[in-house]
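Tertiary structure, described
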Amino acid sequence: MEVKARAPGKIILAGEHAVVHGSTAVAASLNLYTYVSLRFPTPSDNDEFLRLQLKDLALEFSWPVARIKDALPEAGSLLSSKPTSCSIETMKSIAALVEEQNIPEANIGLASGVSAFLWLYSCIHGFKPATVVVTSELPLGSGLGSSAAFCVALSAALLSFSDSVSLDMSQQGWSAFGESELELLNKWAFEGEKIIHGKPSGLDNTVSTYGNMIKFRSGNLTLIKSNMPLKMLITNTKVGRNTKALVAGVSERTIRHPDAMSLVFNAVDSISNELSTIIQSPAPDELSITEKEEKIEELIEMNQGLLQCMGVSHASIETVLRTTLKYKLASKLTGAGGGGCVLTLLPTLLSGTVVDKVIAELESCGFQCLLAAIGGKGAEVSFSGSS
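The text that follows walks through the structure, step by step, so that each part is easy to find. (Residues numbered from 1 in each chain as written. Predicted model: local features only at pLDDT ≥ 70, side-chain atom pairs only at ≥ 80, totals over all residues. Heavy atoms only, no water.)

Notes on the pairing of strand β11 (residues 341-346)
- Of all six residues making up β11, six are buried, and the element is well covered by its neighbours.
- Burial along β11 is two-sided: the face carrying Cys341, Leu343 and Leu345 and the face carrying Val342, Thr344 and Leu346 are both buried.
- With six bridges joining them, strand β9 (residues 230-236) and β11 adopt antiparallel strand pairing. Its bridge partner being in β11, methionine 232 is matched across the sheet by leucine 345. (Buried < 20%, exposed > 50% of the residue type's maximum accessible area, 1.4 Å probe, protein only. Helix = DSSP H or I, 4+ residues; strand = E, 2+ residues; numbered from the N terminus. Pairing = 2+ DSSP bridges.)

Here it is as structure tokens:
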């Protein structure tokens, strides 16, 4: 039997950077997914390897399961029902396993993701041979939560074959986890995110696990549900950015101008809270949806102006803003800024012709454009083959 799991990416609708200084942020899932398939060999296959195939990058890594068992003996004694953090000593052992794979220099950033894979797999499944295949609709390192979606989808696939969750393997199509199972899945994904990012907030994996939308403030996450469809154009500028440096830059500006920046952060907090109120309020007809979209557009524009005040915009982001403004569309950077991605709200009544023109103009600048619906489903699994 084979299980395929999928987990969505995420987007920050409002509040990035200001959230570090106590303001509210709003994040939402995207209908762009990372997929992980898991298949165990049959006894006749005589295969004693754990294989990881990254299809989009045309890379494959493999380890004899006996080699993993020797390197990570304690992982085999852990319970899948009790998410466990990876110790510093174990991380050294995992790093040695990853180094043996000779990851190409151009893809060296993958090392932390491969490390997270080895820890999650060994903890949840022990040392069984298997083939794990990963594909994704999310661009890597662009602020759309690709690493969290990987950790969530991987954990979902692994947990579906464990004793810690109960799923109907005969059901056709995609199946969701129960509430307590989602909590377990989220905790395991967070352990993977810690290996990749060190000290993640937990926002990305929570959005990817549960889907829909989340309000986030001072470490507290609140699930919220959208009552209106939101369609976005996401433009990947393909400009890399240093998130730590951008966050530090905002903090330094706050030290230099504490009163002004305090007002900026308070304004962002108000925008995030108003945005979440609009999204959650009922929209019984097309007119009310249009009115709500117009308010959201204004909030997006205000939030972008405040992000510019924080000093985290970039020439590539400004190019996207100017282009979409020509078509009277509201845009803002999403995530750390300094490059990365820009979101543009696509109103319900906007014609497809206009969308096509905007995309063509942005792509002519060398940008990548993705169409996405906001606030959809979280992690799901699908089974195929005989049990």
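As for the pattern of salt bridges
- As enumerated under the stated definition, the model contains eleven salt bridges in all.
- A salt bridge links glutamate 100 to arginine 67; the nearest nitrogen and oxygen atoms lie 2.4 Å apart. Residue glutamate 100 is found in the loop between α2 (88-99) and α3 (111-125), and its partner arginine 67 is found in helix α1 (residues 65-71); the two are separated by 33 residues along the sequence.
- The shortest N-O distance in the salt bridge between glutamate 380 and lysine 377 comes to 3.8 Å. (Salt bridge = Lys/Arg side-chain N within 4 Å of Asp/Glu carboxyl O.)

A closer look at the side chain of asparagine 236
- Residue position: asparagine 236 is located in strand β9.
- Under the relative-accessibility criterion, asparagine 236 is labelled buried at 7%.
- Within the structure, the side chain of asparagine 236 is placed 3.0 Å from the backbone nitrogen of lysine 238, a separation counted as a polar contact.
- Those residues within four positions of asparagine 236 in sequence are excluded, and the remaining contacts are Pro139, Ser142, Gly340, Cys341, Phe367 and Gln368. (Polar contact = N/O pair within 3.5 Å; in protein donor to acceptor, adjacent residues only side chain to side chain. Contact = heavy atoms within 4.5 Å.)

Considerations on the nonpolar core
- Grouped together as the largest cluster of nonpolar side chains are 114 residues, with contacts concentrated most on Leu13, Phe117 and Met310.
- In terms of residue count, the dominant contributor to this core is helix α4 (residues 146-160) (ten residues).
- Residue contacts for methionine 310: discarding those within four places in its chain leaves Glu16, His17, Ala18, Val250, Arg253, Met261, Val264, Phe265 and Val268.
- Within the second largest apolar cluster, eight residues are counted, among which are Leu203, Val207, Ile214 and Phe216. (Core = buried A, V, L, I, M, F, W, Y, C linked by side-chain atoms within 4.5 Å.)

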